[in-house]
Structures are given as structure tokens and as C-alpha cells.
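Notes for the structure review
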Amino acid sequence: MLLRTKLFGKTYEFPDLRILMGKANEEKSGDQLAGVAADTTAERAAARFVLAEVPLWVLRQNPAVPYDQDEVTRVIEDAVNETVYNEIKDWTVGEFREWLLADTTTGEMIRRISNGLTAEMIAAVTKLMSNMDLMYGASKIRVSAHCNNTIGLAGTLSSRNQPNHPVDSPEGIRAELYEGLSYGSGDSVIGINPADDSYSSVSRLLDMTYDVIRTWEIPTQNCVLAHVTTQMQCMRSGSPVGLVFQSICGSQKGNRSFGISVDMLDEADALAKKYCFPTGPSYMYFETGQGSALSANAHNGWDQLTMEARNYGLAKRYNPFQVNTVVGFIGPEYLYDARQIQRAGLEDHFMGKLTGIPMGCDACYTNHARADQNAIENLAVMLAAAGCNYFMGIPMGDDSMLSYQCTSFHDTAALRQLLKLRPAPEFEQWMESLGLMKNGILTGRAGDPTLFLKR
Amino acid sequence: MDEARLNAIVDAVVRELLALQPEQSAPPRAETPPAPQPQAAPQVQPAPAQPTRAAAFPAPVLAPLPAAPSAKPAQPAPPSGELRIDLPDPTEAQRRVQPGVARPVNPQALESMIASTTARIGVGRAGPRYRTTAQLLLQADHAVTQDALMRNVDPKLLDEFGLFTVQTRVTGGKQEYLLRPDLGRSLNDDSRRIIAEKCARGANLQVCVGDGLSAAAIEANLRQIFPVIRQGAQSAGLALGTPFYIQYCRVGVLNDIGELLNPDVVVLLIGERPGLGRAESMSAYMAFRPKAGDNDADRNVICNIFEGGGTNPLEAGAVVIQMAQNMIRHQASGVKLKLVGQ
């Protein structure tokens, strides 16, 4: 394989696809950590010229981790629709980019092509996209899903109500949950990250959230984001589970560090279909994030964008209700500052949509990254304009359990009013019935959690 | 909206408030002083608060009404013409819990809801955005956390518990520590030698302390948790290894410690990533016979250890002992422990 170009009279040659893919990325501290980042800005530009000429079939033949060594590769490769693939295999990455952006290419056409793609093709075209390319490209691709309500319809923006509490106090969680509901947060899911991952703690929170859903007849689903094995135990024991959650990684080795495998996810998915209480048909919820494979030393030498794309291919196997990157959670060693976090958020949302999964985003940062609330508000506006399915709703964006900052109950409300977006239709109807929203605008009753003490 | 309709709404709201709190006369809130409007002021614009009743109620802020941007008349200038702003500290505990919701259905319940969590609830809104004080407090908390991030643990505290200090492979200070987690997961050669010299091998429980992302977390919790672990181990008949402190420490260093000292269980007390305005949260990561190649799935963690809202450090110390006994009984930790424990 010869991968070479001249740029401003200087020759740049890349030894293999792995290095070319790494060097074509926007600057990221994680790629520098992995030793695959471009040494100079000009080298990055040169890598992109070369990458733009690579045909898609070459990317299929060179997955980040070989087929016989990695079950994530096998899941993605085995799911490729050969008829679709044969139509596009000779496109170069540059041509693929232009096809995606063309006015004659519709969202439906992209959804079909998705079935012929592998993660490496999706990652490659993402590297050639500017930020606005990523927004515009993603905005064409609507991927909706149904559980107890419908997420991801055009013109909607949903919010995960995330009432985390440092010690899982049911009263504290209930208070936060009510606050969020009063702002219209919760149409994606009522999803708690438990501080205590044990069966008894998780089942107690499932019971409590289910009780709120039943009492107020909320068209939504609950989820307690413990390790999937704990949720499986809860399902088997009869706890009311809405969505089944797991964090996933882009390689088999990475998933092993999360204590999971494809077999285990298959089993969880089967149990969900057997035991989850909502209508369905989608019951799975995954979280991802650039850098997770590298942090588990499970990246096989590849860049974090490509490893992230592989998550989405794995997620697609389960026809999930929602998937989101937790984009700034991992810390500055992978995404150093606001610029890198914003870029990664746009990339991940685009890649998820291009894969064909109902993608949202936990637009967030940690206190040791060089970012602040303004940076995350900017990212949320960009993603909402790009058609992102949902964001997190946390009291003032400050998570009291996970010690990170993300989007708030207020942010989703403001984004809806700013960009003329609505909650999921069933949920909007519910809000209207309680007098919390009228014509897409919060009413005077909204923002008062004590409203929910009445029943 | 015409004036008559506006007045009707205001009257209705005031009636509702009267019905809710017949006797209460709450002190004026620092963050939302009642609009000092003269009683007879002509209502040229829709005014947000009704001055005649304001004294009897916590100043209702009628967020959904179209508030006049400058409804407050200019304060009369003191004779000198000098502006004086002298504010109390908005970060004091009792100021943090001031409700910000306009006309809550149940004001008393709102206060107990706010008290039930450290999350920022009951904050109210300005349209779909935050109230001013709440927003400024959020920014202040972020500011103080940023400033605190780069500190080291007070050496006097380490001396108190006889902890000697070793270091990971990080050589370039906190900045390199942040950017190179790989270096923070392994001990440097000097440290390996020192540990081999000074520490007992093959203990039942090896305690280590690491700065992690918050020196303040170690300073806030070590005095409570350490004695509980020491005494707990004694009563449980667990032989304790020689404890030490690791600078520029990441959780993965557990594997090196396991390989060097062969203990049954290692517990690493390490500073968590600071939350907004709170840097004192600590974690206890534990592993059964950790070795090279082990990862998070092989470990257990007790997180959010801090006084006043988190897992109390005294309690956490007791959990560490129980967990260690459990790991030794089942010869496992992490996901494996969960599976055999079921």
C-alpha cells in the first residue's frame, strides 16, 4: 500500500492506513497520547488529501482490529448488506463526503447506504468533514425509535432526566426528578446513575421511578445505569425495567475491561424483550465516548475517532432506543479543551446517525478539562441544530454524583424555545395536560417541583 | 397584555399566595429584594411585584409575567454621590438553599426538597434560563474548583499517619499528570526499590493513599477513614501491610502494588475528580491480588466519600473492611466477585 502526497513541494508518506487515519484527525490529546496524531498541521492536511483518495473497499478490508481477533469487528462485518456495499465500494472517501452533502441525497438514501458501511468507512469520511459539514450531514439523517414514546422525530428534542444523588437517597432523587419533569425533562428516559451498583439499591430505584411514571402516567421509560449484570438480575427478579443500559467500547478487549461481551449483551437484549414493561420494540440504551478504548489499552494502536465509530456498529446490532456519547467525561488526556470536546461531540453525533442509530449526546466536561459551561452551551446549540435526538437534563448541569458538568433542565427548555423544537409528541401532550407547556413554551406552572407532590 | 388583564392576574396570584401562607412573614431574601416601588407610583408599565402586599410575603417573582426590565426606580444617590455595594458571601450554606421558584404550589415542601440533595434544585427560572444569583453561584463554584485543582497534599498530614511518599513515572508536574494517565499508572524505579525495602509483603490488606485529582479530598477524609480501617482490620484479624502515599497517582497503580507486595487485598484511597465547588470527594478502589493486566472490571469501588451528603468516611472505612473480608472469602473482586456472590 502506497499512501503518499506532495504538499507545498514537500513529500508526505504514510506507512499504513492506521497511521493515515490517525494523522487525518483534528487535533486531540488522546491521539497524541496514542502516538498517532499528526506531527504538524501541514502533515494533518496532507493526510487528508491522501485519505480522500482511499476507496471504501480498502477500509472494509482493513478493520482497526482483525476479524479473527475481535468480536466487535465480526459484529460489524457480518452485518454489512452486500448489495448496498457493492454499489458504493469503489467510491473514494472524498466522493462519499460529497455524496452525503449533496442536495440530491436524502436522509432516506443515507439510511439505506448505512447498511453497507463499516465503522472504518464512517470514521474516514468524518475526518474529512468540517464542523458545519458534520452538523449539516447529520441533520439530514433522522433516526427515531419507540419504547413507551417516540424519540428522534424531526422537529423534536428530548431530554434524559438524570436525577443523580451522591448516596442514592430516594427523597433526593425524587426531588430532582420532579424538578426536571416540571421543566419538561424526561421524555428520553428517567435515567439514574447509581452510586451503589448493588442489586438491592438498583431495584429500589427502579421501583421508585416506576412508581412516579405510573402515578403521573408519564409516557416515558425508566433506567438505572448499573452494570448490565445487575440490571439482568433485576429483570429476572421482577423489577420494573424500562431500558437496559450498558457502556460499550470499540473493541472486544475494551469491552472486557467493562466486564461485558457480545454474548452478555445478546443475553441482556433477550431478557429485555422478555421482561421490560414498556411497549418497545427498542429497549437498549448505550453510552460511549472517544478515548475509552485507549484508556483500557484496547485500541490496537488506532485513533480514538475510529474506535468510537466501532461502538455505533456494535450498538446497531441491538436496535437501541437511544445511544449517546458522554463526550467530555473522560478528561483532558483524551479531549483537552472546549474546542476538542466540541469537535468530538459533533463527530460522534454524526457518526452515530450515519451508522443508523438514534443518537443523542451527553455534552459535558470535567473540572480538570479546559472548558466551562459556555463551551457546553455552544456545543448543545450546534448539536440541536444538527438534529441531535436528546441531551442530558441535570439540575443546573451540575451532577452531584458523577462530579461533572453537562446540560441542564433549563438548557433543553431554552434550546426548544430557541430553535422551535418540541418534546417527544406523547410527552408534549402529557405536559400540556398538566398545564406545564402551551404551544411549545413553558407556562407559569413550569419550574415548580412541588407541583408533583399532589398525587 | 392590557393593564386590566394584568392586574387581574396579579390579584389572582396574590390571592393564591394569601391562601397558601396566611400568617407567614418571611424575612426578605437577599437574592430577590422586594422591588422598592412607592405605593402610589403610577403603573406606566406592567410591574412584576405588588408593593402594597410585598411586606407580608417572600417577594414573589412573577417570572411568567412580562417583567419590565427596569421596573425598579433608580436608588436615591447618597449625598456623596458614591455607589456602595457591600455583599454578604453568596456561597454560605444557608444562602445556597434559598428557593428561587416563583409562587411554588407548596413553599414549605420546596424547602425540604432542596434540603434533600446537594443538586441545584428549586432554583426557579428567568424564562427558560437561570435566575441571576443561581447562575453567578454556578460560575463561582466552577472558578474556585479550577483554582484548587493543581494543589499537592499537605505533607504534615502524611507524617501524622507515618506515610512515606513514592511517585509514579510522572516527572513533569500536574500538567503532565493530567495529559499522561499511562505514566500515573505505574511506579518509577526508585519508588519500587523504596517500597520493596520498607514494606511488609503478603499482608491481608495493603492500604495506599494517592492524590489522584484532588489533594483536598485526601486532606478532608484521611483523618476519619484511616483509623477506622486500621482498627477494623485488627478486630477482623486482617494483617495490615505498611501503608504509603503515592504522588501523581492513577487507579491502575494497584497492579504494580499487587505485583510488588503480594497482598490479598489492596485498597487505594484516592482523590476523585473535583465536583463544582466541592473537591473533598474521595474514592476507595479495591482489588483482590491485583496483577499486571488487571482492569476496572477486576476492581470494586466505594465512591463519593465525604462528610455531609456523601458516603461518610467513617462508614466507608467499615465498608472497606467488610469488602476486604468478602474478597478474601470468595478469592475474587470486581465482576467476578459479583458473579460468585450471587
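Residues numbered from 1 in each chain as written. Chains lettered and ligands numbered in written order. Predicted model: local features only at pLDDT ≥ 70, side-chain atom pairs only at ≥ 80, totals over all residues. Heavy atoms only, no water.

**Thoughts on the overall build of chain B**
Of regular secondary structure, chain B possesses 13 helices and six strands. Expressed as a percentage of its 342 residues, the buried residues of chain B come to 47%. In chain B, once contacts between residues fewer than 6 apart in sequence are set aside, the share between residues at least 24 apart is 69%. Of the roughly 16,700 Å² of accessible surface on chain B, a fraction of 53% belongs to carbon and sulfur atoms. (Helix = DSSP H or I, 4+ residues; strand = E, 2+ residues; numbered from the N terminus. Buried < 20%, exposed > 50% of the residue type's maximum accessible area, 1.4 Å probe, protein only. Contact = heavy atoms within 4.5 Å. Areas by Shrake-Rupley, 256 points an atom, 1.4 Å probe, with all protein chains shown as cover.)

**Details of the confidence of the model for chain B**
Overall, the predicted model of chain B reaches an average pLDDT of 82, with 76% of residues at or above 70. Contacts of residues 20-72 of chain B to residues separated by more than four positions or lying in other chains number 67 contacts, the stretch itself having pLDDT below 50. (pLDDT = per-residue confidence, 0-100.)

**Digging into the sheet that holds strand β7 (residues 222-224) of chain A**
Residues and elements named next belong to chain A. Read from one edge to the other, the open sheet built from four strands follows the order β7-β6-β5-β12, with strand pairing classed as parallel. Because the sheet does not close on itself, it has two edges, and the strands there are β7 and β12 (390-393). Shown here is a sheet whose adjacent strand axes are inclined to one another by a mean of 25°, direction ignored. Direction of pairing for strand β5 (residues 158-161) relative to strand β6 (residues 189-192): parallel, over a ladder of two bridges. Looking at β6, one finds that N161 is bridged to I190. Along the sheet, helix α11 (residues 170-182) contacts β5 and β6; its crossing angle with β5, the most-contacted strand, is approximately 165°. (Pairing = 2+ DSSP bridges. Axes fitted to C-alpha atoms, helices over the stretch in contact; angles between N-to-C directions.)

**Side note on the interface of chain A and chain B**
Many structure descriptions define interface size as the accessible area lost when the parts assemble. Listed as interface residues are 66 residues of chain A and, on the opposing side, 55 residues of chain B. Interface area for chain A against chain B, summed over the two sides, is near 4,600 Å², with a carbon-plus-sulfur share of 57%. Considering only the side of chain A, the residues that lose the most area to chain B are N367(A), H368(A) and M396(A), jointly responsible for 17% of the buried surface there. In this structure, the connection of chain A to chain B is made through five salt bridges. With its nearest N and O atoms 3.3 Å apart, the salt bridge here joins E333(A) to R250(B). Here chain A is connected to chain B by 24 residue pairs in polar contact (both at pLDDT 80 or more). Residue assignment for the side of chain A that touches chain B shows that the elements contributing at least two residues are α2 (29-34), α11, α13 (228-236), α14 (252-257), α19 (373-385) and α20 (409-419) of chain A. (Buried area = accessible area lost by both parts, 1.4 Å probe. Salt bridge = Lys/Arg side-chain N within 4 Å of Asp/Glu carboxyl O. Polar contact = N/O pair within 3.5 Å; in protein donor to acceptor, adjacent residues only side chain to side chain.)

**Details of the environment of I305(B)**
Relative to the assigned elements, I305(B) resides in strand β6 (residues 299-305). Distance from I305(B) to E315(B), taken between C-alpha atoms, is 9.1 Å for residues 10 residues apart in sequence.

**So, the sheet that holds strand β4 (residues 265-271) of chain B**
Residues and elements named next belong to chain B. Taken together, the six strands give an open sheet; going across it, the order is β1-β3-β2-β4-β5-β6, and neighbouring strands pair in mixed fashion. Each end of this open sheet is capped by a strand with a single partner; those strands are β1 (164-167) and β6. Pairs of neighbouring strands in the sheet enclose a mean axial angle of 25°, with direction left out of account. Alignment of strand β5 (residues 282-288) against β6, held across five bridges, turns out to be antiparallel.

**Details of the pattern of salt bridges**
In this structure the tally under the stated criterion is 39 salt bridges over all chains. One network of salt bridges, in which partners are shared, links D398(A), R96(B), R120(B) and D141(B).

**Focus on the side chain of Q206(B)**
Residues and elements named next belong to chain B. By secondary structure assignment, the location of Q206 is in strand β2 (residues 205-210). Relative accessible area serves as the criterion here: at 0%, Q206 is assigned to the buried category. Polar side-chain contacts of Q206 include one of 2.7 Å to the backbone oxygen of T242. Once residues lying within four places of it in the same chain are set aside, the contact partners of Q206 are A200, G241, T242, P243, F244, I257, L261, P263, V265, V266 and V267.

**A word on unusual backbone geometry**
Glycine aside, residues mostly have negative phi, and peptide bonds are mostly found in the trans state. With omega at 10°, the peptide bond leading from G280(A) into P281(A) counts as cis. Tracing the backbone shows P281(A) in the loop between α15 (262-275) and β9 (284-288). A positive phi is found at F8(A), a non-glycine position, where the angle reads about 50°. Looking at the secondary structure, you find F8(A) in the loop between β1 (4-7) and β2 (10-13). Unlike most non-glycine residues, Q331(B) shows phi in positive territory, near 50°. Take Q331(B): it is sitting in the loop between α12 (313-330) and α13 (334-341). By relative accessible area, which is 42% here, Q331(B) ends up partly exposed.

**Regarding a nonpolar patch on the surface**
A contiguous nonpolar surface patch, about 230 Å² in accessible area, is contributed by V381(A), L418(A) and L419(A). Tracing the backbone shows L419(A) in helix α20. (Patch = residues over 30% accessible without salt bridge, like charges linked within 9 Å, V, L, I, M, F, W, Y side chains within 5 Å.)

**Some points on the state of the cysteines**
Inspection of the entire model under this criterion finds zero disulfides over all chains. Not part of a disulfide, C276(A) finds its nearest cysteine sulfur in C147(A), a span of 7.0 Å. Of the residues examined, C276(A) reaches a relative accessible area of 9% and is grouped as buried. Its sulfur unpaired, C249(B) is 8.0 Å from the next cysteine sulfur, which belongs to C208(B). (Disulfide = S-S within 2.5 Å.)

**Structural notes on the packing of aromatic side chains**
Tallied over the full model, the rule gives 14 aromatic pairs over all chains. Seen from their ring centres, W91(A) and F96(A) are 6.0 Å apart, and the 45° between their planes marks the pair as tilted. Centre to centre, the rings of F245(A) and Y285(A) are 5.2 Å apart; their planes meet at 70°, and the pair counts as edge-to-face. Residue F245(A) is found in strand β8 (residues 244-247), and its partner Y285(A) is found in strand β9; the two are separated by 40 residues along the sequence. The same class applies to F245(A) and to Y285(A), which are both buried. Three or more aromatic residues joined by ring pairs form one cluster here, namely Y178(A), W216(A), F427(A), W430(A) and F452(A). Of note, K174(B) hangs over the ring of Y177(B), and the distance from its end group to the ring centre comes to 5.9 Å. (Phe/Tyr/Trp six-rings, centres within 6.5 Å; stacked < 30°, edge-to-face > 60°. Lys NZ or Arg CZ within 6 Å of the ring centre and 35° of its normal.)

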